[in-house]
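# Observations on the three-dimensional arrangement
The residues making up each chain are set out below.
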Amino acid sequence: VTALTTEISSWRVLVVDDKPVNLKLITLILKAQNAEIMSIEDSWDAIQAIETYQPNLILLDLAMPGISGWDIHKQLRTRPELDDVPIVAITALAMTDNIQEAKEAGFDGYITKPYHVDSVVIELVECVAAFTERKRQN
Amino acid sequence: MTVGWLVIAGWLLDIMILKHVLPGLVSMKFNTALAFVLLGIGLLALVNESDRKNQRVRQVCAAAILILGSLTLSEYLFNWNLGIDEWIVRDMDSVSYPGRMSHITASNFVLLGIALLPSKRPRVTQGITLWVMGVSSIALIGYIYGVESLYKINFYSSVAIHTTTNFFVLCVSILFAQSGKGFMEFVTDNSASGFLLRHLLPLAILIPILIGAIEMVGLHTGLYDLSFQTSLYALSSGIISVIITLWIARSLRQIDNARKQAVDALRVANEQLEHRVHERTAELEAANQFLRAESNRRDQAESSFRALLESAPDAMVIVDADGHIVLVNHQTEALFGYPRTELLGEMVEILMPESYRIKHFDHRTGYTNSPKVRSMGVGVELHGQRKDGSSFPIEVSLSPIHTPQGLLVASAIRDVSKRKEAEEKLRESEERLQTIFDLLPVGASLMNDDKQIIRMNLALEKILDMKIDDLLMGKYRSRQYIHSDGTLMLPTEFPSERTIVEQQPIVDVEIGIIKENGSTIWTNVSAASLPGNQGVVTVTVDMTERKQAEATLQRSEELYRTFARNFPNGAVVLFDHDLRYLAVDGQGLADVGLSKETMEGKTVWEIFPPETTTAIEPFLREALAGNASQHEVPFADRIYAVSYVPVKDESGTIQLGMLMTQDVTAMKHQQVILEEERNRAEQANRLKSQFLATMSHELRTPLNAIIGFSDVLLKGILGETTSIQREHIQDILSNGEHLLALINDILDLSKIEAGQFDLYVTNIDLRRLLEQMRQQLEPLADKKGLDLRTHFDARIPSTVQGDALRIKQILINLVGNAIKFTEQGFVDIRMDKSGDEDWTITISDSGIGIAEESLAHLFQEFRQIDSSAKRRYEGSGLGLAIVQKLVTLMGGTVSVQSELGKGSVFSVHLPLVSKMDI
């Protein structure tokens, strides 16, 4: 697994979203920044995909039919091998309650849709920077 | 001795006359002369024998003479020459034994040496001396009569004339040196024998020698022959003897006559004396008798005086005018601890403490100047001081005694320590009694049989409002007193005075005392006699307060009854510790099938069936234990709220329990309705929130594609686009963003209005926040060529409490507006500290400004200026409304100053410390 740094080219991103258009958009943006990215549309496949793909950054939509982003996050955080992988929510749930809830659940970042190209990249880099800093301190 | 010295000088100088006296006569030897000198010294020493040194001198001289004489004699006896005869001076005159004294001289010296040696043997001394005198007389007579054999043993050894004369004189001297002692007593005696001896002895010695000498002269001259001389001698001796005998007889007769005369005179004198003795004796006897009588009387007087003194119960000290103690009795000794002998002659001040002595001295002097019987130091505490230094209180009475020897002062001193102690005890017990008296909460007084108050306490003073002194003076009788029915009461009707008259206790008499100010004090008075006619004790209890309390109680009871009777929709019940209902009342009493009459005075068990009792008893008990409780009881299709509360008095003691029941059926119904309404409202609210959240999510999802892809296209991620394309893609993006802003504003407003809007207050760094805003908004200003200025007041604390996100929202809204409505010029953002507790954001621009009529509803929702006319500026019209609501939420205010065409100034005042929890 490639070590995660704030250099986007080092990123190996797995993104889960039930809307293919959203997957397309984020893939376009991150690919343009030379990140490796794999997108999962069916959240039921997410766990499996993570095991095989072995990303170093996971982006989760929250409100999804079937298994939600909350649930996936919860499951992933039970796996110690993923301790070094930041999990960032990227969602249209923009109410402050939701943001607070995600923070308490232990998400490593929270990006609200809609987003601009520049802003999403900047926010992701900030999330990664904060995460790696936290890890370094621990 | 002089002769001795002369002979010694003669020998030394060889002068013939000194050695021989007459030429041809034997010379006195040098040793002889030396012995005479020694004898002379010894004799002088004998005269002054009292001195021990003289004794020693005498003995030494005697010994020397003895030795000299003995040695010389031994030379004669043993016929040897010891060389002592010429050891100093050579004798040129003598033929035989040159320088050696004669046998006689030597033996005389031995004898005189012996005579002088002992000190206490005058008879021995005198005997030996007489012997020597006899020997020397023989030699002397020898010289007088020219009989050589008398002074010469042989030719070679003879006694010199001055030697023998010297011996004779010396012997006489020795005898007289001890004239009063030994044999010489006879001579020096004053008796007749002494007289005869003194007169006759010299004559008896001298006359025969003289006659002999005269006859010898006559014989030698040849006037007569030896027979004539002998007869003449006999005749003259007879004549002289007769003369002497006659003289003796005459002397004896004279002596006898004198003796007879003396005896006669003596007898006469004796008779006279006897006569006088008789007279004197008689006189003396008379005097004696008188004296004896006097003495007896005096003895009697003195002994009775002493007895009186000793029997006096007090210590008696009698002092002379100078303050010396002359007499004391044994009580004095006992009281002061001095033995009599130590006191007599001492100053009386010895019996006083040091501090009083000087003062007493003055007093004493004053007293002796005007003595009279009085007690000492009236009004002063007098103290005596014992020998051991301890002092004690005394009482002294003084009385002067005039005696021929002068003034004496008798002091009777009494130890009053016991009395003082008793007095002190009495006083203490009096005080104790008065204290107890004064401590009594009720008025108390003691009256004697003469109807005089002799003791009273403070409480009575207070009740009567009269000073004790006035009361004791009987002034209380001047007050007006009334019976309980208001009629006047006379002092004779007082329980105290009645008790004295009626001889029985009078109790519980109600007396009204009319005070000076006209008000009445009600008292309850009881009186009773003390045993043994010691007076009457009266107890007065102030009833005023009790009466007032009773009235108050009555009033409060009335109040309570009124309250209870009017208690709405229920009942009030008071119960005691026996669970007995004391008071029951209330408007709702009948509704529950109870009545005041059936309940009051009865216990729980008497009123209710056992199942009810069991249910309510714990609550009643809890209330009486101090624990209030409340519960609801359904009864006959109604609901009753029942409260059990403890009823405490002022001290906090639980006296009673109170039960209040109230029909709360209507209230309950109301409550249920309200509850349901609230639930419904909450449900609706939840649904609204749910709806808003869902709507937000559902609107944002498509917007993500719209904004995201248009941005992707504009950024050229998918390749170059034409300017026309870019212009349209930009339109899509802008509209998408507008839509997003609209959605956000609507959501915020909805949440604020639903009360669901929460501020996240943290410590924020305003300087950093301002800088972020500047960076974020600068591109917008740059796009329009506007000058974006910021200013930060350094007085603002480094951290301020607030919701950073919402402050940013306010800034973005206001600064966004300013940029939007300003075509050229500047936009200025200031953050200032505007007071001790608040800070201000001021945003001013050089924009189009706001018309006066628009200012009033500037902050209303969906108000955009100039909305109808040109619609030149995009916006939801919600921005300022949100700003105002956010600022209000934060506890601040927002205001605007503007004029059309002259720019606008928006001011936001916010607290430095949030009033909300962080």
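Residues numbered from 1 in each chain as written. Chains lettered and ligands numbered in written order. Predicted model: local features only at pLDDT ≥ 70, side-chain atom pairs only at ≥ 80, totals over all residues. Heavy atoms only, no water.

## Re the overall build of chain B
- Across its full length, chain B carries 28 helices and 25 strands.
- Taken over 918 residues, chain B has a buried fraction of 38%.
- Of the roughly 52,500 Å² that chain B leaves accessible, carbon and sulfur atoms contribute 58%. (Helix = DSSP H or I, 4+ residues; strand = E, 2+ residues; numbered from the N terminus. Buried < 20%, exposed > 50% of the residue type's maximum accessible area, 1.4 Å probe, protein only. Areas by Shrake-Rupley, 256 points an atom, 1.4 Å probe, with all protein chains shown as cover.)

## As for the packing of helix α4 (residues 52–78) of chain B against helix α5 (residues 103–116) of chain B
All names here are of chain B.
- For the pair α4 and α5, interaxial distance at closest approach is 7 Å and the crossing angle is 150°. In terms of axis orientation, α4 runs roughly antiparallel to α5. Considering only the axes of α4 and α5, their crossing is left-handed. Of α5, the residues touching α4 (which contributes Arg58, Ala62, Ile65, Leu66, Gly69, Ser70, Thr72, Leu73 and Tyr76) are His103, Ala106, Ser107, Phe109, Val110, Gly113, Ile114 and Leu116.
- Residues of the contact of α4 with α5, tallied by class, amount to 10 nonpolar, six polar and one charged. (Axes fitted to C-alpha atoms, helices over the stretch in contact; angles between N-to-C directions. Parallel < 35°, antiparallel > 145°, perpendicular 65-115°, else oblique. Left-handed = near helix turned anticlockwise from the far one by under 90°. Contact = heavy atoms within 4.5 Å. Nonpolar A, V, L, I, M, F, W, Y, C, P; charged D, E, K, R; others polar.)

## What about the interface of chain B and chain A?
- Each partner contributes to the interface: chain B provides 23 residues, whereas chain A provides 24 residues.
- Both sides together, the interface formed by chain B and chain A hides about 2,100 Å², and carbon and sulfur atoms give 70% of it.
- Put simply, chain B and chain A have one salt bridge between them.
- A salt bridge links Lys715(B) to Asp118(A), with the shortest nitrogen-to-oxygen separation between them at 3.6 Å.
- At the surface where chain B touches chain A, the tally comes to five residue pairs in polar contact (both at pLDDT 80 or more).
- Elements with a minimum of two residues in the side of chain B that touches chain A: α23 (665–715) and α24 (723–753) of chain B.
- Looking at the side of chain B that touches chain A, the element that brings in the most residues is α23(B), giving 14 residues.
- Along the lines of polarity and charge, the residues of the side of chain B that touches chain A split into 12 nonpolar, five polar and six charged. (Buried area = accessible area lost by both parts, 1.4 Å probe. Salt bridge = Lys/Arg side-chain N within 4 Å of Asp/Glu carboxyl O. Polar contact = N/O pair within 3.5 Å; in protein donor to acceptor, adjacent residues only side chain to side chain.)

## Considering the pairing of strand β8 (residues 453–456) of chain B
All names here are of chain B.
- Strand direction decides the pairing type here: strand β7 (residues 443–447) and β8, joined by three bridges, are antiparallel. Opposite methionine 447, over in β8, you have isoleucine 453 as the bridge partner.
- Taken together, β7 and the strand that follows it, β8, pair antiparallel across an intervening segment of five residues, in which lysine 451 is found at a positive phi of about 60°. (Pairing = 2+ DSSP bridges.)

## Structural notes on the nonpolar core
- Of all hydrophobic cores here, the largest spans 46 residues; its most connected members are Ile807(B), Leu811(B), Val815(B), Met831(B), Trp839(B) and Ile843(B).
- For this core, the element with the most residues is helix α26 (residues 804–820) of chain B, which contributes seven residues.
- Contact partners of Ile807(B), with chain neighbours within four places excluded, come to Ile764(B), Leu769(B), Gly802(B), Trp839(B), Ile841(B), Met890(B) and Leu910(B).
- The next biggest cluster of nonpolar side chains, apart from the first, holds 25 residues, and it includes Trp11(A), Ile26(A), Leu57(A) and Val121(A). (Core = buried A, V, L, I, M, F, W, Y, C linked by side-chain atoms within 4.5 Å.)

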